[in-house]
Amino acid sequence: MKLKNIYQLAAAVLILALVFVFFRCGGEKEEGEHVSGNLEDIAKERGLTPADLIAAAKTYMPSGKKDDYLMFASGGHSGQVFVLGLPSMRLLKVIGVFTPEPWQGWGFSEDTKAILHGGDPEGDSLSWGDTHHPALSQTNGDYDGQFLFINDKANARIAVIDLRDFETKQIVKNPLAYSDHGGTFATPNTDYIIEGGQYAMPWAGEFAPISDYKDKYHGMITFWKFDRKSGRIDKNNSFALELPPYWQDLVEAGKLISDGWVFQNSFNTEMATGGDMEGNPPVEAGASQRDMDYLHVINLNAAIKLYKSGNYKKVNGFAVIPLDVSAKQNILTFVPEPKSPHGVDVTPDGNFLVVSGKLDPHVTIYNFTKIKTAIENNKFEGKDSYGVNIVNYDDALEAQVEIGLGPLHTQYDQNGYAYTSLFLESAVARWTLGGKWTEKTGKKAWTLIDKIPINYNVGHIAIPGGDTEHPDGKYLVSLDKWSIDRFTDVGPLLPQNFQLIDISNPEGKMQLLSDTPIGVGEPHYAQIISTSKIKAWETYPDIGWDPSTQSKSPYATTAGKEKIDKRGNTVEIWMTAIRSHYTPDQVLVKKGNRVIWHITNIERAKDATHGFALPYYNVNLSLEPGETQTIDFIAKKEGVYPYYCTEFCSALHLEMSGYFMVQP
Amino acid sequence: MKDLNLIFGPRVPKDLLIRERKRFILPTLMLGGAALLLLISIFLPYWQLTLLAPQYPEGLKMQAYVNHINGDVDEIDELNHYIGMRSLKEAAELERSASIILISALVLLVIGSIYTHSPFALVLVIPAILYPVIFLGDMYFWMHNFGMNLDPHAPLSTSVKPFVPPIIGEGLVGQFKTIATWEVGLIFSIVASLMIIAGLYFHRRAYKPLLDMEFKSEFK
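My aim in this report is to walk through the structure given alongside it, one point at a time. All of these numbers come straight from a predicted model, not from anything done at the bench. (Residues numbered from 1 in each chain as written. Chains lettered and ligands numbered in written order. Predicted model: local features only at pLDDT ≥ 70, side-chain atom pairs only at ≥ 80, totals over all residues. Heavy atoms only, no water.)

**Description of the environment of Arg430(A)**
All names here are of chain A. With respect to the element layout, Arg-430 can be found in strand S26 (residues 427-432). On the accessibility criterion, Arg-430 (0% relative accessible area) is buried. Residues Arg-430 and Leu-448, spaced 18 residues apart in sequence, show a C-alpha to C-alpha distance of 6.1 Å. Among the polar contacts made by the side chain of Arg-430, one reaches the main-chain carbonyl oxygen of Ile-503 at a distance of 3.1 Å. (Helix = DSSP H or I, 4+ residues; strand = E, 2+ residues; numbered from the N terminus. Buried < 20%, exposed > 50% of the residue type's maximum accessible area, 1.4 Å probe, protein only. Polar contact = N/O pair within 3.5 Å; in protein donor to acceptor, adjacent residues only side chain to side chain.)

Below, the structure written as structure tokens:
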């Protein structure tokens, strides 16, 4: 045999190997899709217009396809946060925040109870919240997809949600106030989470007669220090500014050129307090007498410096910079704004502030540079009764655009357009920004371009990144307060309506794509982020994970290490759960025993969640793959209590059960 | 010295080596290549089992290496407990713990055969030639052992009867389609076997004349 033959032999072996590999990798045949019906017939039968078909094509998600954006919407008085996918508008999750949520076991285990009640007033227990304004954490002025913050208007609380597992990690109570509204808003690097107050009141826990309103009632804005590393608000490095008892409203942090500044509205500079039984006008009238309220301009960097130098007083143990100090140092200054405004919204370049007075058909645009110049040059038109300097309206004004009735909230796209909700008119307006944005739009600055009716009574609107430095203006969601005739009647309490609007073509009209009923609570504001920025865990990183600390639990139990420890009057159970059994599946205690029960889901498969329901003792846990939770209770009543898995985890799910036996 | 010579065979005269380079380099290349493939195969998967079921859209995969198993082993074990199959981690424990040493020995023997210019070379490489067959035989033994010894008290013991999972090709267990495939490591070891056989042929062609000459001269 010659060398040539060797090569031939080697080649033959190689070809054989290749053929072998090829056959192994031979693809499976895909089954054909079976479609019945004809598009035209269906459209005719269902009464769909060509525009409807286009809207359907833009939003329909075939099974298995995933959304491009996630929307985090406040859940209103459900106390929760809703997570929806865009453009399908499918509801993906309701994150338990201020209200117990059984599916997630939220508020049933010891850890989740501790977080849920972390912001309870002393000696009392809250079981709901009114979530208003979600804020995604930001890095360099853009959403980074790491954390979500949300306020509870009803009780002035702030929650921190970790977007690795979409679970609430912390709830803090504002020590100064009983309610808030202007939260939450993040500074461009999430150094501070801002919570503005709303209804002026004496400091929490104090009483002052309403006749002392001007002296004893206060407004406030709180700057919560956020520690990104621990993923928690650091209460000890947080502080507040005392504000006049004008009812402060929404806030926004400056960015780029206005970084280090914070803007906040007010809507009751009349300081009306109602008293309609005493013959006074009700607040709604009393608070609308003056033509102007005050836009609060806060120099946050100067405030931080003051706080760090110890220049504050303590109120209920919390650092508060007194009003006279911040007024004197121009940490707080005012700019007149059309009355009863809702939002103040900073343009993506940080230079313009857009304010809408709900009772004025204009949006008013201020130029931050002009405001800053006036403050630096001490050019004021006067002071209010609390000594706060007021910048002249004309010195701050850039433009006004008449856009329609009841302008409320403004968001931006990347092309130089602003979008403002019109509450009274039930519409969303698109208008052009000025300044350097004119180059982008190629249109006349500060001009109304387009308007789209919505159904009905729009409050906030949301565009992906619509309040950041880099918006991604493909869609706009209109958060409508009323739905009236949009959905099948389900009794007198109607769902809210989320309307998805295509805004991707600034040269054409905005197009309404879909209605989504929200039958859980009244969402206020939402933020939308590209799904590519969210790095959610598929399962917990390790078996025996404690989500409350995001680390391995000291109570982690692995297969074979299960045990029941009895010592004195205490029974401690170390249990594992895996398809389809608990170990142990029998637990015997004596009446009156303290029962400490640790359960670890030792599954590693995605979606292999187990529940744990124990009757009578109000226990319902959700144990996601890897998770450990603990319950701690007194076996106060004798009996035999079957416990079971609340998740349909496997074919033998019903068999996943056990007996908790309490011997008299 | 003579006895050793009997085993290792005659050395090749330098001038002959230069003159007929190809004749001597061929067996070295084939046997050396085989040894290399065997050595590399230690780091490669030998066998893969893929389980397909509706609720596992990406399938479950498990790869057997000579010294460990990889992939969705925990999940497959978890599923296997329903039919009463023991944990895969208990399979072939002895073989797995000894595999690296044994294969290293095979490799050394094959390398040794390059320097053994006598029929003893055949003795040295026989284990390596048979190795893929032994591997598959052992694999079958464990498949049989595991599949036929299901716990009769398992939840699904009435619906899934003892069975022998195929060591290659498709099977069906419950709603799972199983696909067993031979992986790169095993293919390398098979190619190594073929190369050794080819190498032996060239080995004989290269050294037999030398050996014959030596015998002739000895018995003269």
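Following the structure, the description resumes.
**What about the sheet that holds strand S32 (residues 526-530) of chain A?**
All names here are of chain A. The strand order across the open sheet formed by four strands is S3-S2-S1-S32, and the pairing between neighbours is antiparallel. The sheet is open, and its two edges are formed by strand S3 (90-95) and S32, each paired on a single side. When strand polarity is set aside, the average angle formed by the axes of neighbouring strands in this sheet is 20°. Sheet topology note: the strand S1 (residues 69-74)/S32 ladder contains five bridges and is antiparallel. (Pairing = 2+ DSSP bridges. Axes fitted to C-alpha atoms, helices over the stretch in contact; angles between N-to-C directions.)

**A few points about the pattern of salt bridges**
In the structure shown here, the tally under the stated rule is 32 salt bridges over all chains. One salt bridge connects Asp395(A) with Lys379(A), and the closest N-O pair in it is separated by 2.6 Å. One end of the pair, Asp395(A), is in helix H10 (residues 393-396); the other, Lys379(A), is in the loop between helix H9 (368-376) and strand S21 (382-383), with 16 residues separating them in the sequence. Within the structure, one salt-bridge network assembled from shared partners comprises Arg579(A), Glu603(A), Glu75(B) and Glu78(B). (Salt bridge = Lys/Arg side-chain N within 4 Å of Asp/Glu carboxyl O.)

**What to know about the packing of aromatic side chains**
All names here are of chain A. Here the structure, examined in full by the defined rule, presents 45 aromatic pairs over all chains. Taken together, a centroid distance of 5.2 Å and an interplanar angle of 35° make the contact between Tyr-307 and Tyr-312 tilted. Residue class for Tyr-307 comes out buried when judged on its relative accessible area of 9%. Ring geometry for Trp-537 and Trp-545: centres 5.7 Å apart, planes at 90°, overall edge-to-face. Clustering of aromatic rings is evident, with ring pairs tying together Tyr-582, Trp-597, Phe-612, Tyr-616, Tyr-617, Phe-633, Tyr-641, Tyr-643 and Phe-660. Lys-358 extends its terminal NZ or CZ atom over the ring of Phe-267, reaching a point 5.4 Å from the ring centre. Here the basic side chain of Arg-430 rests over the ring of Tyr-417, its NZ or CZ set 5.8 Å away from the ring centre. (Phe/Tyr/Trp six-rings, centres within 6.5 Å; stacked < 30°, edge-to-face > 60°. Lys NZ or Arg CZ within 6 Å of the ring centre and 35° of its normal.)

**Overview of a nonpolar patch on the surface**
Residues and elements named next belong to chain B. On the surface, a cluster of nonpolar side chains totalling about 630 Å² of accessible area is made up of Leu-4, Leu-6, Ile-7, Phe-8, Phe-120, Val-123 and Phe-215. Broken down by element, the residue count for the nonpolar patch peaks at four residues, all from helix H1 (residues 2-8). Its location among the elements puts Phe-120 in helix H6 (residues 120-148). (Patch = residues over 30% accessible without salt bridge, like charges linked within 9 Å, V, L, I, M, F, W, Y side chains within 5 Å. Areas by Shrake-Rupley, 256 points an atom, 1.4 Å probe, with all protein chains shown as cover.)

**What about the sheet that holds strand S4 (residues 169-173) of chain B?**
Residue and element names in this part refer to chain B. Strand order across the open sheet formed by five strands is S3-S2-S1-S5-S4, with antiparallel pairing between neighbours. The sheet terminates laterally at strand S3 (69-71) and S4, the two strands that pair on one side only. Taking each pair of neighbouring strands and ignoring which way they run, the sheet shows an average axis angle of 20°. Pairing analysis gives three bridges linking strand S2 (residues 56-64) to S3, with the strands arranged antiparallel. The residue bridging Met-62 from the neighbouring strand is Gly-71, located in S3. Across the sheet, helix H4 (residues 73-83) is in contact with strand S1 (47-53), S2, S3, S4 and strand S5 (176-182); its angle to S2 comes to roughly 100°. (Contact = heavy atoms within 4.5 Å.)

**Focus on unusual backbone geometry**
Residues and elements named next belong to chain A. With an omega of 10°, the peptide bond between Leu-86 and Pro-87 qualifies as cis. Phi is positive for Thr-190, close to 60°, though the residue is something other than glycine. Relative to the assigned elements, Thr-190 resides in the loop between strand S8 (180-186) and strand S9 (192-197). Note on Thr-190: relative accessible area 2%, which makes it buried. For Tyr-616, which is not a glycine, the phi torsion comes out positive at approximately 70°. Checked against the element boundaries, Tyr-616 lands in the loop between strand S40 (610-614) and strand S41 (619-623).

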